[in-house]
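A look at the structure
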Amino acid sequence: MPREEPLLAPRHSSEHSSIRSEDEEDALLTGQRINRPEQQRGWAFWRQVGLFTWSLVATVAVIILAVLYQHSATTQPHGSDGLTWGPGGKPTGKRNVIFMVSDGMGPTSLSLTRSFRQLEQGLPIDDTLVIDQHQIGTSRTRSSSSLITDSAAGATAFSCGHKSYNGAISVLPNHTACGTVLEAAHLAGYKTGLVVTTRITDATPACFASHANRREYEDLIAEQEVGEHPLGRVVDLLLGGGRCHFLPQDADGGCRADDRDLTKVAEDKGFHYINDRDGFDGLALGQNAELPLLGLFAEKDIPFEIDRRQVNDVYPSLEEMARTALAALSKATEAGDKGFFIMIEGSRIDHAGHGNDPAAQVHEVLAYDRAFAAVLDFIDKEDTPTVLVSTSDHETGGLAVARQLHKSYPEYKWLPDVLAKASHSSEYLENKLNEYLGEAGAKNSLKNQRAYVREELLKKGLGIDDATDEEVDSLLTPDADQPPKYFFADMISRRAQVGWSTHGHSGADVNIYASSSKDVWPLLGNHENIEVGKFLASYLDLDVDAVTEKLSQQDSLSWLGDQLGANIRVDQLDSYHGDFRKRGEDCGCDNH
Ligand SMILES: *[C@@H]1O[C@H](CO)[C@@H](O)[C@H](O)[C@H]1NC(C)=O
Ligand SMILES: [Zn+2]
């Protein structure tokens, strides 16, 4: 409270009048000063102390009641009986929840992308992304095992509403499965969907429709996603990449460790399976889609948006997949009295962060923003009340829109025009380089190789025409810890004066967005990530604990995969044991 004098300071408060109690209470509650006439100390002083005490008690009581009210409204597991829903109200009838995840997108990703777009499109300085206009809160992201979460623990917080350890796919720290909002929705009669731009078996989508002790068990995750799951098939629509985990090891484009063809298993279970752009186009943005539907459009990841837009005839965009999924789910639920739950992920914002590639990142964020706008558009036209909640599981890269390049004090600037000149991601350029060196290029003289790197990769791909000889040679003879893609990304980051503190994740808070702050009022302000998960279930009146109970009835825990020994940190934070000194000697830190 911005008071200029302490509440019980003897100087002035001992001279209170006794005839302005209402004003006084207001003042105590609002922190406003009020003018009061001078008076002698006496019974009035003690009356004043009494009044003050009363006001203080009343204020504290109001705060406690407010907290209790909000707590019960947001964490009530069953959501139905006696739940007092707050601002805006919650529809009691049919409704949909669209949950969007911007994997690895921190607040700085938005500053970066906003400025980039303003420059590239000549927009005014107050121009914002669509998503910027919908921020309602922030989320704290730590897991049970670390202050820096991974995507698995992050998504488990959303799907189950519980903290777990890094690597956990909707299992608790004691390696038992926790019921997810998607599973609960399925059991309650909702249609369900997952849309991603990475592997559909990657951690975020996996956490909604499967359970595993380690995120690496993608073969196992694929099996559960097509319906080899204790609850049977729980997802009605899956769109994304990761086809290789559904195909046998010997098949073209297969990467399973066994000989199973899960696309066949899926079809036996009733799935319509499509695996390319033609199949996708045949859905007519969802009008022709029939559920259940499995669409796998890449062996692993769908290319970064900066690259994908140049092969748009091969891979659908996140926006197209989102529109298609929403239309399909809307149509499939048209006649019934239950709506749908869908999770849509901008998966590769995170990958651009891991690669420290700012050019790839801005295009990933813009693609996410277009998908976000498409979802709002859907909500506008949809008859069934629908809410959109969007957040990130964590920040990736420790991105900074600042970078000190030299020992001398830096100028205050970063330069988005450098990013605007790039036409490809560092990942794409590394593939091109490897292709070149693996074929005819290897036989070329060093001089020709250098010319190729300068012209074809740096100039055409990144818009860099001032590379030093050292930089070019570093790309041709990379060391093991610094693959060419990291080097491409570093070259563009330095020129743009964009900074990164890690190739991994960071512990920064991330933003929460919603279609309407009235609908998603429990998430206003700063929250733990598990509160986001609890909101999703609560809004649909779902009981995830009942699903946990159902899952616990399996005869053994072997369906979750190996726990991989007791060495996995599950519920305690690490502490300092000398890594800085030990690793400082050979980390090459001076070069970064
Ligand atoms: C695992 O942990 C959860 C949450 O703490 C608890 O409810 C459950 O009983 C535990 N299960 C086992 C088998 O220990
Ligand atoms: Zn993530």
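Looking at an unreviewed UniProt entry, the protein carries the name Alkaline phosphatase, with the source organism given as Talaromyces proteolyticus. Recorded in UniProt under Catalytic activity (unreviewed entry), the annotation for the protein is "a phosphate monoester + H2O = an alcohol + phosphate".

1. Some thoughts on the coordination of the zinc ion (ligand 2)
At the metal site, the zinc ion (ligand 2) is ligated by D103 (OD), D103 (OD), S151 (OG), D393 (OD) and H394 (NE2), and these contacts range over 1.8 to 2.8 Å. If you list the donors of the zinc ion (ligand 2) from N- to C-terminus, the spacing comes out as D-x47-S-x241-D-H. Taken as a pair, D103 in the loop between strand 1 (96–102) and helix 4 (107–121) and D393 in the loop between strand 8 (386–391) and strand 9 (395–396) lie far apart in primary sequence, 290 residues in all. As far as the burial class goes, D103 and D393 line up, both buried.

2. Examining the state of the cysteines
Enumeration over the complete set of coordinates arrives at 2 disulfides. Sulfur-sulfur distance for the disulfide between C160 and C178 comes to 2.2 Å. Because the torsion about its S-S bond is 80°, the bridge between C160 and C178 counts as right-handed. With C160 in the loop between helix 5 (151–159) and helix 6 (181–187) and C178 in the loop between helix 5 and helix 6, this residue pair connects regions lying 18 residues apart in the sequence. No difference in accessibility class separates C160 from C178, as the two residues are buried. The disulfide bridge from C244 ends at C255, spanning 1.9 Å between sulfur atoms. Taking the sign of the S-S torsion, 65° for the link of C244 and C255, the bridge is right-handed. You can see C244 sitting in the loop between strand 4 (237–241) and helix 9 (262–268) and its partner C255 sitting in the loop between strand 4 and helix 9, a full 11 residues away along the chain. You can call C244 buried: its relative accessible area is 2%. With no disulfide of its own, C207 has C160 as its nearest cysteine by sulfur position, at a separation of 7.3 Å. Take C207: its relative accessible area is 0%, and that puts it in the buried class.

3. Let's talk about the site of ligand 1
Around ligand 1, a shell composed of L172, N174 and T176 is seen. For ligand 1, an oxygen atom lies 2.3 Å from a polar atom in the side chain of N174. With the chains in place, 26% of the 360 Å² that ligand 1 exposes on its own is no longer accessible.

4. Let's talk about the UniProt feature "active site" (unreviewed entry) in the protein
Feature annotation in UniProt places "active site" (unreviewed entry) on S151, given in this structure's numbering. Within the secondary structure, S151 is located in helix 5. Each residue touching S151, except ones within four places of it in the same chain, is listed here: D103, A203, T204, R215, D393, H394 and H505.

5. Some words on the sheet that holds strand 3 (residues 191–199)
A sheet is described by the order of its strands in space; here 10 strands give the open sequence 5-6-4-3-7-1-8-11-2-12, paired in mixed fashion. Each end of this open sheet is capped by a strand with a single partner; those strands are strand 5 (272–274) and strand 12 (525–528). Neighbouring strand axes in the sheet, compared pairwise and without regard to direction, differ in orientation by 15° on average. The pairing of strand 2 (residues 135–140) with strand 12 spans 4 bridges and is classified as parallel. Paired with T138 across the two strands is N526, which belongs to strand 12. Contacting strand 1, strand 7 (340–346), strand 8 and strand 11 (510–514), helix 14 (residues 358–381) runs over the sheet at an angle of about 165° to strand 8.

6. Re the packing of helix 4 against helix 14
Between helix 4 and helix 14, the shortest axis-to-axis distance is 9 Å and the interhelical angle comes to 90°. Our classification of the angle between helix 4 and helix 14 gives roughly perpendicular. Taking contact as the criterion, the partners of S109, L110, L112, T113, F116 and R117 in helix 4 are, on helix 14, P358, Q361, V362, H363, V365 and L366. For the contact of helix 4 with helix 14, a count of residues per class yields 7 nonpolar, 4 polar and 1 charged.

7. A few points about the environment of L573
Mapped onto the elements of the fold, L573 is located in the loop between helix 22 (544–551) and helix 23 (579–584). C-alpha separation for the pair L573 and S145, spaced 428 residues apart in sequence, amounts to 5.3 Å. Setting aside residues up to four positions removed in sequence, L573 forms contacts with R142, S145, S146 and L147.

8. Quick word on the packing of aromatic side chains
Taken as a whole, this structure holds 9 aromatic pairs when the rule is applied. Taking 6.2 Å as the distance between ring centres and 55° as the angle between the ring planes, the aromatic pair formed by F99 and F208 counts as tilted. Placement of F99 in strand 1 and of F208 in helix 7 (residues 203–209) is noted, with a sequence separation of 109 residues between them. Taking the relative accessible area as the measure of exposure, F99 reaches 0% and is therefore buried. Ring centres of F340 and F378 lie 6.0 Å apart, and the angle between their planes is 55°; this geometry places the pair in the tilted category. Here the residue F340 occupies a position in strand 7, and F378 occupies one in helix 14, the gap between them amounting to 38 residues. In this structure F340 comes out as buried when scored by relative accessible area, which is 0%. Judged by relative accessible area, F378 falls into the buried class, the value being 13%. These aromatic residues form a ring-pair network of at least three members: F99, F158, F208 and F341. We note R95 situated over the ring of Y539; from NZ or CZ to the ring centre the distance is 5.9 Å. Above the face of the F271 ring, R233 is positioned so that its terminal group lies 5.7 Å from the ring centre.

Definitions and limits used
- Residues numbered from 1 in each chain as written.
- Chains lettered and ligands numbered in written order.
- Predicted model: local features only at pLDDT ≥ 70, side-chain atom pairs only at ≥ 80, totals over all residues.
- Heavy atoms only, no water.
- UniProt positions renumbered as here; feature names shortened; annotations may be inferred.
- Donors = N, O, S within 2.8 Å, 3.2 Å for Na, K, Ca; no water.
- Helix = DSSP H or I, 4+ residues; strand = E, 2+ residues; numbered from the N terminus.
- Buried < 20%, exposed > 50% of the residue type's maximum accessible area, 1.4 Å probe, protein only.
- Disulfide = S-S within 2.5 Å.
- Near = heavy atom within 4 Å.
- Polar contact = N/O pair within 3.5 Å; in protein donor to acceptor, adjacent residues only side chain to side chain.
- Areas by Shrake-Rupley, 256 points an atom, 1.4 Å probe, with all protein chains shown as cover.
- Contact = heavy atoms within 4.5 Å.
- Pairing = 2+ DSSP bridges.
- Axes fitted to C-alpha atoms, helices over the stretch in contact; angles between N-to-C directions.
- Parallel < 35°, antiparallel > 145°, perpendicular 65-115°, else oblique.
- Nonpolar A, V, L, I, M, F, W, Y, C, P; charged D, E, K, R; others polar.
- Phe/Tyr/Trp six-rings, centres within 6.5 Å; stacked < 30°, edge-to-face > 60°.
- Lys NZ or Arg CZ within 6 Å of the ring centre and 35° of its normal.

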